[in-house]
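Geometric and topological summary
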Amino acid sequence: MEQLAPQCLVISDGRLPNWELPLVKASQDLNIPTIVPPVALAGDRDTLTRRRSGPANHGELHPRLLRDYPTQAIWDPKQRRHVFYYPSQVLPALDSLGMLPPNPWLLGGGLAGLVLVESEQAREQRLAQGQDPGRLRVSGHLGHDILFAGYQRRMALREELVKSYGLNPGRPLAVVALPQLGEQGTLDWDNHWREIRFLAQTFRDLPAEFLISLHPKMSLSDYRFLNHEYGLRVANERLSAILPAADLFLATYSSTVPWATLCRVPALVFDFYKIDFRLFDDLPGVVTVTEREALAPEVKRILGDQRYWEALRQAQDQSAPRLSPFDGHCSERILQALVGDT
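Predicted, not measured: the structure shown is a model, and the values here were computed from it.

1. As for the overall build of the protein chain
- Along its length, the protein chain carries 14 helices and 12 strands.
- Taken over the C-alpha atoms alone, the protein chain extends approximately 65 × 45 × 40 Å along its principal axes.
- Burial statistics for the protein chain: of 342 residues in total, 49% are counted as buried.
- Put simply, 64% of the contacts in the protein chain that link residues at least 6 apart link residues at least 24 apart.
- Split by element, the accessible area of the protein chain, about 16,400 Å² in all, is 51% carbon and sulfur.
- Within the protein chain, one finds 37 positive and 40 negative side-chain charges whose respective centroids are separated by 2 Å.

2. Some details on the packing of helix α8 (residues 189–204) against helix α12 (residues 292–304)
- At a closest axis distance of 10 Å, the pairing of α8 and α12 adopts a crossing angle of 30°. Relative to α12, the element α8 is oriented roughly parallel. Considering only the axes of α8 and α12, their crossing is right-handed. Between α8 and α12, the contacting residues are Glu195, Phe198, Leu199, Thr202 and Phe203 on the first element and Arg292, Leu295 and Ala296 on the second.

3. Notes on the sheet that holds strand β7 (residues 173–177)
- Taken together, six strands build an open sheet; the order of strands is β9-β8-β7-β10-β11-β12 and the sheet is parallel. A strand with exactly one partner marks an edge of an open sheet, and here the two such strands are β9 (233–234) and β12 (286–289).
- Where β7 lies against strand β8 (residues 209–213), five bridges are found, and the strand directions are parallel. When the bridges of β8 are listed, Leu173 appears paired with Glu209.

4. Remarks on the packing of helix α6 (residues 142–152) against helix α14 (residues 330–340)
- For the pair α6 and α14, interaxial distance at closest approach is 7 Å and the crossing angle is 155°. With respect to their mutual orientation, α6 and α14 come out roughly antiparallel. For the pair α6 and α14, the contacting residues are Leu142, His144 and Asp145 in the first and Cys330, Ser331 and Ile334 in the second.

5. Here's the deal with the packing of aromatic side chains
- According to the stated counting rule, one finds 11 aromatic pairs in the structure shown.
- With a centroid separation of 4.9 Å and an interplanar angle of 75°, the aromatic rings of Tyr85 and Tyr86 are classed as edge-to-face.
- Classification of Tyr85 by relative accessible area gives buried; the value is 7%.
- Taking 5.8 Å as the distance between ring centres and 50° as the angle between the ring planes, the aromatic pair formed by Tyr151 and Phe326 counts as tilted. Here Phe326 lies in the loop between α13 (306–319) and α14 and Tyr151 lies in helix α6, a separation of 175 residues in the sequence.
- Classification of Tyr151 by relative accessible area gives buried; the value is 16%.
- Classification of Phe326 as buried rests on a relative accessible area of 12%.
- Above the ring of Tyr85, the side-chain terminus of Arg52 is found at 4.0 Å from the ring centroid.
- When the ring centre of Tyr151 is taken as origin, the NZ or CZ atom of Arg154, which lies over that ring, is 4.3 Å away.

6. Things to note about unusual backbone geometry
- You will see that Arg80, though not glycine, has its phi angle at about 55°, which is positive.
- You can see Arg80 is positioned in the loop between β3 (73–76) and β4 (81–84).

7. Overview of the state of the cysteines
- With the rule as written, the count across this model stands at zero disulfides.
- Cys8 takes part in no disulfide bond, and the closest cysteine sulfur, belonging to Cys330, lies 19 Å away.
- Between Cys263, a cysteine without a disulfide, and Cys330, which holds the nearest cysteine sulfur, the sulfur-to-sulfur distance is 12 Å.
- By relative accessible area, which is 3% here, Cys263 ends up buried.

8. Observations regarding the environment of His192
- Within the element layout of this structure, His192 appears in helix α8.
- Among the residues examined, His192 registers a relative accessible area of 0% and is labelled buried.
- For His192, the residues in contact, after removing those within four places along its chain, are Pro179, Gln180, Leu181, Gly182, Glu183, Leu187 and Tyr223.

9. Some points on the pattern of salt bridges
- On inspection of all chains with the given rule, the structure shows 18 salt bridges.
- Put simply, Asp13 and Arg15 hold a salt bridge, and the shortest N to O gap is 2.7 Å.
- Between Arg158 and Asp247 there is a salt bridge, and its shortest N-O distance comes to 2.9 Å. Here the residue Arg158 occupies a position in helix α7 (residues 154–165), and Asp247 occupies one in the loop between α10 (239–242) and β10 (248–251), the gap between them amounting to 89 residues. For the pair formed by Arg158 and Asp247, the shared burial category is buried.
- Connected via shared salt-bridge partners are Arg264, Glu310, Arg313 and Asp317.

10. With respect to the sheet that holds strand β5 (residues 114–117)
- Taken in spatial order, the four strands line up as β1-β2-β5-β6 in an open sheet, and their pairing is parallel. Two strands close off the open sheet at either side, each with one partner strand: β1 (9–10) and β6 (136–138).
- Two elements, β1 and strand β2 (residues 34–36), share two bridges in a ladder whose sense is parallel. For Val10, the partnering residue across the bridge sits in β2 and is Ile35.

What counts, and at which threshold
- Residues numbered from 1 in each chain as written.
- Predicted model: local features only at pLDDT ≥ 70, side-chain atom pairs only at ≥ 80, totals over all residues.
- Heavy atoms only, no water.
- Helix = DSSP H or I, 4+ residues; strand = E, 2+ residues; numbered from the N terminus.
- Buried < 20%, exposed > 50% of the residue type's maximum accessible area, 1.4 Å probe, protein only.
- Contact = heavy atoms within 4.5 Å.
- Areas by Shrake-Rupley, 256 points an atom, 1.4 Å probe, with all protein chains shown as cover.
- Lys, Arg positive; Asp, Glu negative; His and termini not counted.
- Charge placed at Lys NZ, Arg CZ, Asp CG, Glu CD.
- Axes fitted to C-alpha atoms, helices over the stretch in contact; angles between N-to-C directions.
- Parallel < 35°, antiparallel > 145°, perpendicular 65-115°, else oblique.
- Left-handed = near helix turned anticlockwise from the far one by under 90°.
- Pairing = 2+ DSSP bridges.
- Phe/Tyr/Trp six-rings, centres within 6.5 Å; stacked < 30°, edge-to-face > 60°.
- Lys NZ or Arg CZ within 6 Å of the ring centre and 35° of its normal.
- Disulfide = S-S within 2.5 Å.
- Salt bridge = Lys/Arg side-chain N within 4 Å of Asp/Glu carboxyl O.

Laid out in structure tokens, this is it:
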């Protein structure tokens, strides 16, 4: 790294004990600034502790570590025990190498010199969790600029999508971020395909046009049957390029749900998989359904009841300013932080 003479180190998380922590340590030793840009929605503590339910992260099973590293574990009321961020066998190794973040429950871990966040809301959340205010800056997200460009011309974008995908212009348009249940290991593959087919059957029978967006982890060839068997179009564009044209956005607990609020597109979060994250409980304009039989009626209500749809959209008007600067200049602020501060 010294030979490369970098101006700064850009990392996505700042806590990962693979290659990130060694690079962060090397950057500190060489006085190279470390910056974490906004990449995805940072998991809250409820999300993070749930993913650490094994014995290696169980604090009470490792009392000496719990005594020696009290700031590395937090109490999880659902598991009714202390939970280590790092597995017990990794924790002392990181400490001995001088790579242990003082607060791994925060994005950046307390080691990054600057953490960029996508919104004022995110900044307030991080401050409440103990992040150093001097290390935080609101920049917005790169994807927000693409959304903003589409939002500025959403009617023309809608016409382009209708023409490109052969959609019925007289019907409402719903954009679906298809859940990657198999790809991320939430369900085994048999149950994943069962759920995907349930969703496809539900959408096919509803009085709306549906445009399916696949996560980059999902292979298009695996999902071509959605068009062949159910008549559902799979978008070629990224979600940020099509979402502003929608009348409704459907997803599971995705970091893209706030994008719908920025574009004033009512959102429906469906969770039939007992994920039960609380990420969007306080986000107006977002409806959550947890029973399969409620999905179709709720879609019909949102798209069929103009007063209800408008109430959701107006609620988004109130909350959107706290979710991003949303002015088309987020990328400029991120670049300035990478170049101007180093």
